[in-house]
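Fold and geometry: a report
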Amino acid sequence: MSEVIATRRLVTRLLIVVVVMFCFGIFVLPPFYDAMCRVFGINGKTAGAYQGEQMIDVAREVRVQFLATNSAEMVWEFGPKADEMVVHPGEPRDMLFVAYNPSDHPMTAQAIPSVSPSRAAAFFHKTECFCFTQQVLQPGERIEMPVRFIVDRDLPQDVKHLTLGYTLFDVTASKPPVAQAP
């Protein structure tokens, strides 16, 4: 009888460990990871919102590529209106990203940006971005989300190509959306 009790205790403890690990991975790890990236300046985090003005360097062109991916649990359709654009450093530019919620329930999402090469991330400034706030979409709703950015004139001369990528995460569990009345 004591062997059966010991087995039950072991199974119960293992199930508790699995549940704790799952909750840690879903609710604790993403904000912790984001904070670590911010503190150590890794993972190509952008320089953030830009305040001020720059002279436009019309003699130089930089190709900016746009990527969009969904995390494993995200069901939204999500992508940029164009795959890339050529910009002059110092020139404010806009790009629209489109999101569509094909599910039958309201959902909340958060986009996490990344710039590569990572050494150029400090020279990529966003003045407006859908990634600054969480996005709530009702069932079947489609929205266009703008990002306005400036590639800094101080970008190293050998960098001629940047990639701005977003990964969209479903954060509905941590911030449930309010359904709109029909």
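Residues numbered from 1 in each chain as written. Predicted model: local features only at pLDDT ≥ 70, side-chain atom pairs only at ≥ 80, totals over all residues. Heavy atoms only, no water.

Thoughts on the sheet that holds strand 6 (residues 124-129)
Defined as follows: If DSSP finds at least two bridges between two strands, the strands pair. For the purposes of this entry, the term helix denotes a DSSP run of H or I that reaches at least four residues, the term strand denotes a run of E that reaches at least two, and both are numbered from the N terminus. What counts as an axis is a line fitted to C-alpha atoms, over the stretch in contact for a helix, and the angles between N-to-C directions run from 0 to 180 degrees.
Pairing is antiparallel in the open sheet, where four strands are placed in the order 2-4-8-6. Whereas interior strands pair on both sides, the edge strands pair on one side only; in this sheet they are strand 2 (77-80) and strand 6. Within the sheet, the average angular offset between the axes of one strand and its neighbour, ignoring direction, is 25 degrees.

Here we look at the pairing of strand 8 (residues 142-151)
Pairing of strand 4 (residues 92-100) with strand 8 involves nine bridges; the strand directions are antiparallel. Looking at the pairing, tyrosine 100 lines up with arginine 142 of strand 8. Across five bridges, the pairing between strand 6 and strand 8 is antiparallel. Paired with lysine 126 across the strands is phenylalanine 149, a residue of strand 8.

Quick notes on the UniProt feature "transmembrane region" (unreviewed entry) in the chain
In plain terms, the rule: UniProt positions are given in the numbering used here, feature names are shortened, and annotations may be inferred rather than shown by experiment.
When the UniProt feature table is mapped onto this chain, "transmembrane region" (unreviewed entry) is found at residues 12-33. In the segment residues 12-33, helix accounts for 100% and strand for 0%; the C-alpha atoms at its two ends are 30 Å apart.

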